[in-house]
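Structural overview for review
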Amino acid sequence: TMLSIAWMAQLGALIARKKISIVIPMGILMSGFALLGATLRDSNPQITHLMPVLKSPLLSIHVSLMMISYTLIGFITIISLLSVILILFQQNNEAIQNLTSLNQLLLYPALFFMSAGIFIGAIWANVSWGRYWGWDPKEVWALITMLIYSLPLHRASLKIFQNPRFLNWYYIFAFLSVVITYFGVNFILGGMHSYA
């Protein structure tokens, strides 16, 4: 999955390069982090047969949708880091506004793919285990991550999200929920997704 994030980051950067020039270095950086994450696992795991529950085509759709959303959220985080650096050095308010607007634009597809991934995962869980939702730690943290990233969509109601400084710091700290969902749950909490 980390390799798919690296590929998606590069593909997204190539597609958006004409509209947003800064996206190429971000895609390279994101791919590098994803590949670094891929090397943190066992370099030569034993290849075994898949469990029957993992042979569903819904698994591929579920994982692909989640990886696309995590890739877009990774772009949001990198853009937020750049925005915070510009804010700290009191640089170009127009550039900060443009980067913040880009983040808001990327948030919509990121949340769409995350919600669709959770929905397809629930359908797959019903087919595999006879229930849509089992309060497994991975399911719960995916829901928490979706809710955390849904808050900035309510800028009209939650006025604090209209402040670019707060919003960019929020995105940086919100990425911790993705890290917990993707890595932390597997290594700390276990559950039915511990094979992931």
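The model shown is predicted, which means the values in this text are computed figures rather than measured ones. (Residues numbered from 1 in each chain as written. Predicted model: local features only at pLDDT ≥ 70, side-chain atom pairs only at ≥ 80, totals over all residues. Heavy atoms only, no water.)

Attention now moves to the overall build of the chain. From N to C terminus, the chain includes 6 helices and 0 strands. Starting at the N terminus and ending at the C terminus, the chain contains elements arranged as α-α-α-α-α-α. In the chain, which comprises 196 residues, the proportion classed as buried is 42%. Sequence-distant contacts, at least 24 apart, represent 76% of the contacts inside the chain between residues at least 6 apart. When the accessible area of the chain is evaluated, it comes to approximately 11,300 Å², of which 70% is carbon and sulfur surface. (Helix = DSSP H or I, 4+ residues; strand = E, 2+ residues; numbered from the N terminus. Buried < 20%, exposed > 50% of the residue type's maximum accessible area, 1.4 Å probe, protein only. Contact = heavy atoms within 4.5 Å. Areas by Shrake-Rupley, 256 points an atom, 1.4 Å probe, with all protein chains shown as cover.)

This part covers the confidence of the model for the chain. Per-chain confidence: the chain averages 81 in pLDDT, with 84% of residues scoring 70 or above. Of all helices and strands in the chain, the one with the weakest mean pLDDT is helix α2 (residues 23–39) (74), whereas helix α5 (residues 137–150) scores best (91). (pLDDT = per-residue confidence, 0-100.)

Now for helix α1 (residues 2–16). With 15 residues, α1 should cover 21 Å at 1.5 Å per step; its first-to-last C-alpha distance of 21 Å lies within 8% of that length. Among the residues of α1, those classed as buried are M2, I5, A6, A9 and A13. The buried side chains of α1 occupy one side of the element, clustering within an arc of 100° when seen end-on. Turned more than 90 degrees from where α1 packs its buried face, L3, W7, L11 and I15 sit exposed. (Expected span 1.5 Å × (residues − 1). Arc of directions from axis to C-beta.)

A few words now on the pattern of salt bridges. A full pass over the atoms with the stated rule returns 1 salt bridge. Taking the shortest distance from any N to any O, the salt bridge between R131 and E139 comes out at 3.6 Å. On the basis of relative accessibility, which here comes to 22%, the residue R131 falls in the partly exposed class. For E139, a relative accessible area of 10% translates into the label buried. (Salt bridge = Lys/Arg side-chain N within 4 Å of Asp/Glu carboxyl O.)

Glancing now at the environment of Q97. Position of Q97 relative to the elements: it lies in helix α4 (residues 93–129). Separated by 66 residues in sequence, Q97 and N163 have C-alpha atoms that sit 10.0 Å apart.

Attention now goes to α4. When the terminal C-alpha atoms of α4 are compared, their 52 Å separation across 37 residues agrees well with the 54 Å that a helix rising 1.5 Å per residue should span. Downstream of α4 by a residue or two, G130 has a phi angle that is positive, lying close to 80°.

This paragraph deals with unusual backbone geometry. Positive phi values are uncommon outside glycine, yet W135 reaches one of about 55°. As for its position among the elements, W135 is in the loop between α4 and α5. Judged by its relative accessible area of 60%, W135 is exposed.

Moving on, we come to the packing of helix α3 (residues 57–88) against α4. Remark: α3 packs on α4, axes separated minimally by 8 Å, with the N-to-C direction vectors making an angle of 160°. It follows that α3 is roughly antiparallel to α4 by the angle criterion. Remark: the crossing between α3 and α4 carries left-handed chirality. Each residue belonging to the contact of α3 with α4 can be placed in one class, and the counts come to 31 nonpolar, 8 polar and no charged. (Axes fitted to C-alpha atoms, helices over the stretch in contact; angles between N-to-C directions. Parallel < 35°, antiparallel > 145°, perpendicular 65-115°, else oblique. Left-handed = near helix turned anticlockwise from the far one by under 90°. Nonpolar A, V, L, I, M, F, W, Y, C, P; charged D, E, K, R; others polar.)

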